[in-house]
Number of protein chains: 2
Amino acid sequence: MNIVLLSGGSGKRLWPLSNEIRSKQFIKIFKNGNGAYESMIQRIYRQIRNVNKDATVTIAASKAQVSSIRNQLGNDVGISVEPCRRDTFPAIALAAAYLKDIKGVDPEEAVVVCPVDPYVETDYFYMLNRLGEQAEKGGSNLVLMGIEPTYPSEKYGYIIPKGTDLISEVLAFKEKPDAAAAKEYIAQGALWNGGIFAFQLKYMLTKAHEYIPFTDYHDLFDRYDTLTKISFDYAVAEKEEKIRVMRFAGQWKDLGTWNTLTEAMGESVVGDAMMDGTCTNVHIINEISVPVLAMGLHDVVISASADGILVADKEQSAFIKPLVDKLDWQVMFAEKSWGSFRVLDLDSGSMTVKVTLNPGHRMNYHSHKNRDEIWMVISGTGRTVVDGMAQEVHTGDVITMQAGCRHTIIGVTELKLIEVQLGKEISVHDKQKFPFEQE
Amino acid sequence: MNIVLLSGGSGKRLWPLSNEIRSKQFIKIFKNGNGAYESMIQRIYRQIRNVNKDATVTIAASKAQVSSIRNQLGNDVGISVEPCRRDTFPAIALAAAYLKDIKGVDPEEAVVVCPVDPYVETDYFYMLNRLGEQAEKGGSNLVLMGIEPTYPSEKYGYIIPKGTDLISEVLAFKEKPDAAAAKEYIAQGALWNGGIFAFQLKYMLTKAHEYIPFTDYHDLFDRYDTLTKISFDYAVAEKEEKIRVMRFAGQWKDLGTWNTLTEAMGESVVGDAMMDGTCTNVHIINEISVPVLAMGLHDVVISASADGILVADKEQSAFIKPLVDKLDWQVMFAEKSWGSFRVLDLDSGSMTVKVTLNPGHRMNYHSHKNRDEIWMVISGTGRTVVDGMAQEVHTGDVITMQAGCRHTIIGVTELKLIEVQLGKEISVHDKQKFPFEQE
């Protein structure tokens, strides 16, 4: 079976742990069975593998997320890279073309699509398998999962099934309602629409060609930025006649806000933090190395990262997005395919960064027009290449690079360095990449 | 007139803005008339100078505070350095010997002693002058300031005056009472004892010699660590017969806790921070460069420094001290006489620090046994001396120093550098100082 995980957007609602590069699905705040922390995407991928180790898993993700996915999930997972954001229908169409043309998947095979971020347990993944089996049988073009509501939520769309059987025809779709309407839908037996559905690959390819003129995956990829933003529900699901819904009564939590996210946390403190005995219903997630002390607080979430510090009443935190839009912030930490970097200091004419390279990994071979750089190796061993000249480096070595010179560094062991950038116009956009050939 | 400002202890109750090196009196959170931020000690010194520009001002301070005092007040102020902490009587005795033997003050002159940290207005300083004039007249050995209470506080000692005149004899001293006793004292006309008093210098020298066998200032300084801890009230004031109290009805705030400190702040936010419209009675003091966002909070203080992040209910914040004692923290920022430093990164085997040298200033000439160091100049020009070899340095220059080598750096302009320390045992105690001779 094929599973496509839709990896969503920039996640400002979980600022400061998520930023333009790092979405909420990459934040490590859940404990896996071994006591180590894992992210939403690591958790769901591990859960899929536990239940269905042979499934082909593909992540539909933006370009900016590729480094984090490789860093957290390794190279076994497929990535259908969206060159830009165009809502769910184009993303699913591109993933379908990717499965056919890049992965060579048989068009008769079932594909299950689901979001990357719900907090669920094992029963959910068995349900995904049943959804796929149902689609492969071919009786319906589309098989949705309908989640049994636990309260009259205004955050989800609703699916009205014809009956109360496990599998049922669909009477109607309802947009996000107000609480009163939600209550009424639930009285009629309505289910939440969690954006989880299955189809045969050939069905989705047909739908894609109906809407978009393209020849193959590469052609669709190239014209992706010209596509209209349109949701899968609107383009396909709401118009489909041969559609069924399977009801799911297990745990399903959408961790889109600090309030719901902290409910799913196993412990109230992650990172260096302490709270006094008078705190109640307080959660602290501290990613930085300075300690947090909380006293006398109630129903509050505190979250600190290199990007910022949030202190919010949990209910109020749902309204964070417009406030974060106002903040003029620099990305201070990022995971890359080769490791990670953290901005330590910003000053006029200089920026100091800590770089960690994973063993066997390297940066792009690149140069900068408007800045000089200095590297100081603080631990590990590696190899630098500067204007074609290779050199072994160890703890304590200093490498200076003038503007214009081409450079890279390869970690032999894990390698940490302090990078000082010097120049009047320091910008992430000042970077020219060059092909690199290992001797 | 001579004013001695007693500069108190480590101030854990205002963590994380105060630490073992930086006491609360050095935190810059008040706005002066020009819109710039100033600290308590800068504020009180400026206020003294406005009212009494010819007063000799001496700060009685611990060794660890000397750098901050010089950095914030310059070189015009006298400092009576306490080699270790021995409570107020030894501190005042040492300051008296300092005034006589180092400053050559006439023993007939008046000395006014007061704490460095109350938040007061101009009328207070005129009152200090009157206290001094009264002492110089010689009718009493000791003239206290008694502050008219605004509520039955349990935090202060009380003075019971004989009458209600501006100047009155003292009937009794009362230790910090409970609220009920405080109410009773106030009904009797009691005044707060704020630790403010005046005497003729010769009186205090006599008292000092009564308790402590010493010849002169240097002798007293040398034997300071052998002295018994004893308060001035207990050793002197409570036993003195020729004593008067002058009542003061102006503003006098003791800024010892976050609750009282934030009351004295002119604005609710200092530093990079934002709060939403649903916050009430929230104060944010952010000394670091990552933004703070507060949402839906009430009666809360948020304070962030390189040492830590405090989020506390204002009432609850009074109980901070034992919690901070539990935190195992490294001093991450300090002001020095020559500038300041900030720890940017701590890792196993390395520490990265940003150093700022003021123009014309330099570090001690020193070496380390167990660590190598690398300096990268990120702005300014200066001069290094490494094992006796002088060298001019500019932005972009790198200086490497092996363990054991002697080194210093002098700022010609303001000079900023990134210092990387490398070694297995990095410690502030690993430092040998050497005499330094400018060519």
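Each remark here, short or long, concerns the structure printed above.
So, a few notes on the structure that sits alongside this text.

Criteria and thresholds
Residues numbered from 1 in each chain as written. Chains lettered and ligands numbered in written order. Predicted model: local features only at pLDDT ≥ 70, side-chain atom pairs only at ≥ 80, totals over all residues. Heavy atoms only, no water. Pairing = 2+ DSSP bridges. Helix = DSSP H or I, 4+ residues; strand = E, 2+ residues; numbered from the N terminus. Axes fitted to C-alpha atoms, helices over the stretch in contact; angles between N-to-C directions. Contact = heavy atoms within 4.5 Å. Least-squares fit on C-alpha atoms with pLDDT ≥ 70 in both. Expected span 1.5 Å × (residues − 1). Buried < 20%, exposed > 50% of the residue type's maximum accessible area, 1.4 Å probe, protein only. 1 Å grid on protein atoms, 1.4 Å probe; cavity = no way out; pocket = protein on both sides within 12 Å on 5 of 7 lines; lining within 4 Å. Points joined across faces, edges and corners; volume = space filled by probe spheres on them. Nonpolar A, V, L, I, M, F, W, Y, C, P; charged D, E, K, R; others polar. Salt bridge = Lys/Arg side-chain N within 4 Å of Asp/Glu carboxyl O. Polar contact = N/O pair within 3.5 Å; in protein donor to acceptor, adjacent residues only side chain to side chain. Left-handed = near helix turned anticlockwise from the far one by under 90°. Parallel < 35°, antiparallel > 145°, perpendicular 65-115°, else oblique.

Another point: the sheet that holds strand β20 (residues 333–336) of chain B. The pairing of strands in a sheet happens through backbone hydrogen bonds and is either parallel or antiparallel. Residues and elements named next belong to chain B. Across the sheet, which stays open at both edges, the six strands sit in the order β20-β21-β22-β29-β24-β27 with antiparallel pairing between neighbours. In this open sheet, the two strands that pair with only one neighbour each are β20 and β27 (398–401). On average, adjacent strands in this sheet sit at an angle of 20° to one another, irrespective of strand direction. Here eight bridges tie strand β21 (residues 339–347) to strand β22 (residues 350–357), and the two strands are oriented antiparallel to one another. Bridge assignment links Leu346 to a residue of β22, and that residue is Met351. The strands that helix α2 (residues 66–73) touches are β20 and β21; relative to β20, the one it contacts most, it runs at about 65°.

A few words on the relation of the copies chain B and chain A. Both copies of the chain are placed relative to one another by a rotation about an axis and a shift along it. For the pair chain B and chain A, the relating rotation is 179°, the translation along its axis is 0.0 Å, and the fit reaches an RMSD of 0.1 Å. As the rotation angle and translation indicate, the two copies are arranged about a two-fold axis. It is Leu344(B) whose C-alpha, among those of chain B, lies nearest the rotation axis, at 2.8 Å. A high fraction, 100%, of the interface residues of chain B reappear at the interface in chain A, so the copies pair face to face through one surface.

Right, let's talk about helix α3 (residues 88–101) of chain A for a bit. Residue and element names in this part refer to chain A. Given a rise of 1.5 Å per residue, 14 residues ought to cover 20 Å, and the 20 Å separating the end C-alpha atoms of α3 matches this to within 8%. Within α3, 11 of the 14 residues are buried, which leaves it mostly tucked inside the rest of the structure. Listed in full, the buried residues belonging to α3 are Phe89, Pro90, Ala91, Ile92, Ala93, Leu94, Ala95, Ala96, Ala97, Tyr98 and Leu99.

Time to look at empty space enclosed by the protein. Residues and elements named next belong to chain B. For the structure on display, the rule yields two cavities of 30 Å³ or more. The calculated volume of the largest cavity comes to roughly 40 Å³. Taken together, Phe30, Met40, Arg43, Ile44, Gln47, Asp117, Pro118, Tyr119 and Leu255 make up the full set of residues lining the largest cavity. Here the lining of the largest cavity is composed, by residue class, of six nonpolar, one polar and two charged. Within this model, the second largest cavity holds a volume of roughly 30 Å³.

With that settled, the discussion passes to the interface of chain B and chain A. With 50 residues of chain B in contact, the opposing surface of chain A contributes 50 residues. Seen at the junction of chain B and chain A, the total is six salt bridges. With a shortest N-O distance of 2.6 Å, Lys354(A) and Asp347(B) are connected by a salt bridge. Along the contact surface separating chain B from chain A lie 18 residue pairs in polar contact (both at pLDDT 80 or more). No other element matches the six residues that strand β19 (residues 308–313) of chain B contributes to the side of chain B that touches chain A. Broken down by class, the residue content of the side of chain B that touches chain A amounts to 32 nonpolar, 10 polar and eight charged.

Moving on to the pairing of strand β8 (residues 142–147) of chain A. All names here are of chain A. Among the six residues that make up β8, six are buried, leaving the element largely enclosed by the rest of the structure. On β8, burial covers both faces: Leu142, Leu144 and Gly146 on one face and Val143, Met145 and Ile147 on the other are all buried. Taken together, the six bridges between β8 and strand β12 (residues 243–248) define a ladder with parallel strand orientation. Pairing of Ile147 across the sheet is with Phe248, part of β12. Of the pairings in the sheet, the one linking β8 to strand β11 (residues 191–200) comprises four bridges and is antiparallel in character. Along β11, the bridge assignment pairs Val143 with Ala198.

All names here are of chain A. Viewed as axis vectors pointing N to C, helix α1 (residues 40–51) and helix α4 (residues 122–137) meet at an angle of 60°, and their least axial separation amounts to 9 Å. Taken as a pair, α1 and α4 cross one another with a handedness that is right-handed. Residues Ile44, Gln47, Ile48 and Val51 of α1 lie in contact with α4, whose contacting residues are Thr122, Phe125, Tyr126 and Asn129. Considered class by class, the residues forming the contact of α1 with α4 number five nonpolar, three polar and no charged.

Residue and element names in this part refer to chain A. Viewed as axis vectors pointing N to C, α1 and helix α2 (residues 66–73) meet at an angle of 50°, and their least axial separation amounts to 10 Å. Accordingly, the angle class assigned to the pair α1 and α2 is oblique. For the pair α1 and α2, the sense of crossing is right-handed. Residue-level contacts link Ile41, Gln42 and Tyr45 of α1 to Ile69, Gln72 and Leu73 of α2. Grouping the constituent residues of the contact of α1 with α2 by class yields four nonpolar, two polar and no charged.

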